[in-house]
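Structural description and commentary
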Amino acid sequence: RLVRDWSSDVCSSDLTPHKKIPIIAVATTLGAAELSRGGGGFTSKKPGRKILISGKGTTPRIIIIDGKALATTPLSIQLSTGIGQFRIAVESLYSKDHQPIGDALALHTIKMLVEHLPQCVDQNIDSLLQAKSASCMIMLARPGLGLNTAMAHNIGGLYDVPHGEANRKRVV
């Protein structure tokens, strides 16, 4: 079966390959889904929701973060995904499962994004890399999926809004 055959289902580990496919991810946004604990997703317009795919074989073996690759993405996407990571840091602080190391990473992520995200408007590679570093930092200790992220999955699917933009609209 092809992935599109499961467009009305959330794919689980029994639907994904059991042998790891050597996935290489090249980051092109300030989001950090490539660092999540396995899986990814796409928006299916037919059911109007985000379809999540997870399980064995869905985690990248190599993640490449290259400033030149980041600079190829439109500014609106960079900023919305950066605000999405800011939101994850805030959600992490207020999570019932928060802990001291995660709190420290969340606070430092917020500080770095406040400092470097405004400087990304000219697609300066150093600023993009600093913002991406901050975005990745919170993914190392976040307590899990927050309410805003879960709502953004549905908003994105229902209204054909990119995930980063749906997160940004929920924050602002």
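Residues numbered from 1 in each chain as written. Predicted model: local features only at pLDDT ≥ 70, side-chain atom pairs only at ≥ 80, totals over all residues. Heavy atoms only, no water.

1. Observations concerning the nonpolar core
Looking at soluble globular proteins, one finds that nonpolar side chains tend to be buried together. Membership of the largest hydrophobic core is limited to 10 residues, which are Leu-30, Leu-70, Met-112, Leu-113, Leu-117, Cys-120, Leu-128, Ala-131, Ala-134 and Met-137. No other element matches helix H4 (residues 125-139), which puts four residues into this core. Within the second largest apolar cluster, eight residues are counted, among which are Ile-88, Ala-106, Ile-110 and Cys-136. (Core = buried A, V, L, I, M, F, W, Y, C linked by side-chain atoms within 4.5 Å. Buried < 20%, exposed > 50% of the residue type's maximum accessible area, 1.4 Å probe, protein only. Helix = DSSP H or I, 4+ residues; strand = E, 2+ residues; numbered from the N terminus.)

2. Points about helix H2 (residues 75-94)
With 20 residues, H2 extends 29 Å between its outermost C-alpha atoms, agreeing within 8% with the 28 Å of an ideal straight helix rising 1.5 Å per residue. All of the buried residues in H2 are Gln-78, Ser-80, Thr-81, Gly-82, Gly-84, Gln-85, Arg-87, Ile-88, Ala-89, Glu-91 and Ser-92. (Expected span 1.5 Å × (residues − 1).)

3. A word on the confidence of the model for the protein chain
The predicted coordinates should not be examined in detail at positions where pLDDT is low. Averaged over every residue, the pLDDT of the protein chain is 77; residues scoring 70 or more account for 73%. Low pLDDT, under 50, characterises residues 1-15; the stretch is placed with 23 contacts to residues that sit more than four places away or in other chains. (pLDDT = per-residue confidence, 0-100. Contact = heavy atoms within 4.5 Å.)

4. Points about the environment of Thr-28
Here Thr-28 shows up in the loop between strand S1 (24-26) and strand S2 (40-44). Sequence separation between Thr-28 and Thr-73 is 45 residues; the distance between their C-alpha atoms is 6.2 Å. Ignoring sequence-local partners within four residues, the contact set of Thr-28 consists of Ala-69, Leu-70, Thr-73 and Gln-78.

5. With respect to unusual backbone geometry
A positive phi angle, close to 60°, is found at Gln-123, a residue other than glycine. Checked against the element boundaries, Gln-123 lands in the loop between helix H3 (100-116) and H4.

6. What about the side chain of His-116?
Along the polypeptide, His-116 turns up in helix H3. When sequence neighbours within four positions are dropped, the list of residues in contact with His-116 reads Ser-127, Gln-130 and Ala-131.

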